[in-house]
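This is what each chain is made of:
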Amino acid sequence: MEGSQYTVGDVMTRTVVALAGGAMFKEIVRTMEQWGVSAMPVLDGRGRVIGVVSEADLLHKEEYQDYEAERHDAGAELPGVPRRPAESAKARAVTAEELMNTPAVTVPAGATLGRAARLMAQHGVKRLPVVDDDGVLAGIVSRSDLLKVYLRTDDDIAEEVRREVVAGRFPVPPESVRVSVREGVVTLAGQVPDTSLVPLAVRLVRSVDGVVDVRCLLTGPPRRPVLEPDLEAEPHPAHGTAP
């Protein structure tokens with residue numbers, strides 16, 4: 001199943017706007033405006049990702065400039081405005097290297113989309129630089145890129161489920177297990193010889209890229225009714241035996 005999964009490299013954007021460490025503050029603002037991005041990776045001289053600069057990093061300058069002006073007018077430290085050292089330093093920063101968050105949260109091109117989604121959630125970011133084995137920038141992946149798998153057609157998903165799950169897990173004629181997909185919801189119906197395999201099959205179907213949900217209607221073979229002991233036929237004596 002792993003061979004059929006989409007990877008970050010399948011959905012990432014390969015044309016990436018990046019910054020050199022020495023890029024100046026206003027240059028960064030102009031580049032973000034020009035390309036319509038809210039964050040950019042920062043590269044060293046060998047193209048390796050060493051950090052990321054976002055709009056939030058740039059806004060510290062505006063935030064603290066306004067604060068300093070109000071403090072000067074008041075003639076004292078204003079209450080209620082925290083002076084966190086890292087933010088205060090970024091407010092004074094003028095280059096990408098001074099502004100960037102480091103180390104950068106990156107993801108390899110061969111990572112699964114699930115791993116990329118977990119990294120985004122854990123670090124509260126909307127996009128990740130994609131790097132090769134040497135840490136060199138190869139692309140960028142965003143939340144919207146990860147959702148591209150849900151554009152797969154129902155027919156494409158159904159074919160993969162039949163080929164990768166049903167054929168590999170249930171030794172029955174293909175028509176015994178029916179697979180239907182509507183809007184990404186997979187329904188499995190039919191009869192299988194061993195119901196102990198059903199939970200595993202359902203998990204495997206859920207792991208197919210583009211699957212939204214799984215409805216399982218699979219049943220096992222009919223069972224012979226168990227008779228009560230007093231209803232079971234008693235053995236007849238053999239012919240010719242004495243009473």
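Residues numbered from 1 in each chain as written. Predicted model: local features only at pLDDT ≥ 70, side-chain atom pairs only at ≥ 80, totals over all residues. Heavy atoms only, no water.

Trainee: A description of helix α2 (residues 25-35) should follow, citing residues and the corresponding values.
Mentor: One turn of the α-helix equals 3.6 residues, which is why residues spaced by three or four share an orientation. Considered for burial, the residues of α2 that qualify are F25, I28, T31 and M32. Along the axis of α2, the buried positions cluster into a sector of 125°, meaning they face one direction only. Projecting away from the buried face of α2 at angles above 90 degrees are the exposed residues K26, R30, E33 and Q34. Looking one or two residues past α2, G36 carries a phi angle of roughly 65°, positive in sign. (Buried < 20%, exposed > 50% of the residue type's maximum accessible area, 1.4 Å probe, protein only. Helix = DSSP H or I, 4+ residues; strand = E, 2+ residues; numbered from the N terminus. Arc of directions from axis to C-beta.)

Trainee: Residue-level account of the packing of helix α8 (residues 154-169) against helix α9 (residues 198-206), with values.
Mentor: Any two packed helices are characterised by how steeply their axes cross, that is the angle between the axes, and by the distance between the axes. Interhelical geometry of α8 versus α9 gives an angle of 165° and a closest axis separation of 10 Å. Judged by the angle between their axes, α8 and α9 are roughly antiparallel. Note that α8 runs across α9; the crossing there is right-handed. Along its contact with α8, which presents V161, V165 and R169, the element α9 presents L200, A201, L204 and V205. Considering only residue class, the contact of α8 with α9 consists of 6 nonpolar, no polar and 1 charged. (Axes fitted to C-alpha atoms, helices over the stretch in contact; angles between N-to-C directions. Parallel < 35°, antiparallel > 145°, perpendicular 65-115°, else oblique. Left-handed = near helix turned anticlockwise from the far one by under 90°. Contact = heavy atoms within 4.5 Å. Nonpolar A, V, L, I, M, F, W, Y, C, P; charged D, E, K, R; others polar.)

Trainee: Account for a nonpolar patch on the surface, naming residues and giving values.
Mentor: Nonpolar side chains collect at one region of the surface, where L147, Y150 and V212 lie side by side and expose about 320 Å² of accessible area between them. Structurally, V212 can be placed in the loop between α9 and β9 (213-219). (Patch = residues over 30% accessible without salt bridge, like charges linked within 9 Å, V, L, I, M, F, W, Y side chains within 5 Å. Areas by Shrake-Rupley, 256 points an atom, 1.4 Å probe, with all protein chains shown as cover. Salt bridge = Lys/Arg side-chain N within 4 Å of Asp/Glu carboxyl O.)

Trainee: Let's hear about the packing of aromatic side chains: which residues, and what values?
Mentor: Using the criterion set out here, one finds 0 aromatic pairs in the structure. The side chain of K61 reaches across the aromatic face of F25, ending 5.2 Å from its centre. (Phe/Tyr/Trp six-rings, centres within 6.5 Å; stacked < 30°, edge-to-face > 60°. Lys NZ or Arg CZ within 6 Å of the ring centre and 35° of its normal.)

Trainee: Give me the sheet that holds strand β3 (residues 49-54): which residues, what numbers.
Mentor: Read across the open sheet, the 3 strands follow the order β1-β2-β3; overall the sheet is mixed. One side of each edge strand has no neighbouring strand; the edge strands of this open sheet are β1 (19-20) and β3. Strands in contact with α2 are β1, β2 (39-43) and β3; relative to β2, the strand with the most contacts, it is inclined by about 130°. (Pairing = 2+ DSSP bridges.)

Trainee: Report on the sheet that holds strand β5 (residues 127-131), specifying residues and quantitative values.
Mentor: Taken together, the 3 strands give an open sheet; going across it, the order is β4-β5-β6, and neighbouring strands pair in mixed fashion. Each having just a single partner strand, β4 (107-108) and β6 (137-142) make up the two edges of the open sheet. Across 2 bridges, β4 lies against β5 in parallel orientation. In the strand pairing of β5, V107 is matched with V130.

Trainee: Please provide a residue-by-residue account of the pairing of β3, values included.
Mentor: Within β3, 5 of the 6 residues are buried, which leaves it mostly tucked inside the rest of the structure. Hairpin remark: β2 followed by β3, antiparallel, with 5 residues in the connecting loop; positive phi at G47, about 85°.

Trainee: Account for the nonpolar core, naming residues and giving values.
Mentor: Counting residues in hydrophobic clusters, the biggest one holds 22 residues, and the most contacted among them are V161, F170, V179, V186 and L188. Broken down by secondary-structure element, the contributors of at least two residues to this core are α8, β7 (177-182), β8 (185-191), α9 and β9. Apart from residues no more than four positions distant in its own chain, V179 is found in contact with A158, V161, R162, V166, V186, T187 and L188. (Core = buried A, V, L, I, M, F, W, Y, C linked by side-chain atoms within 4.5 Å.)

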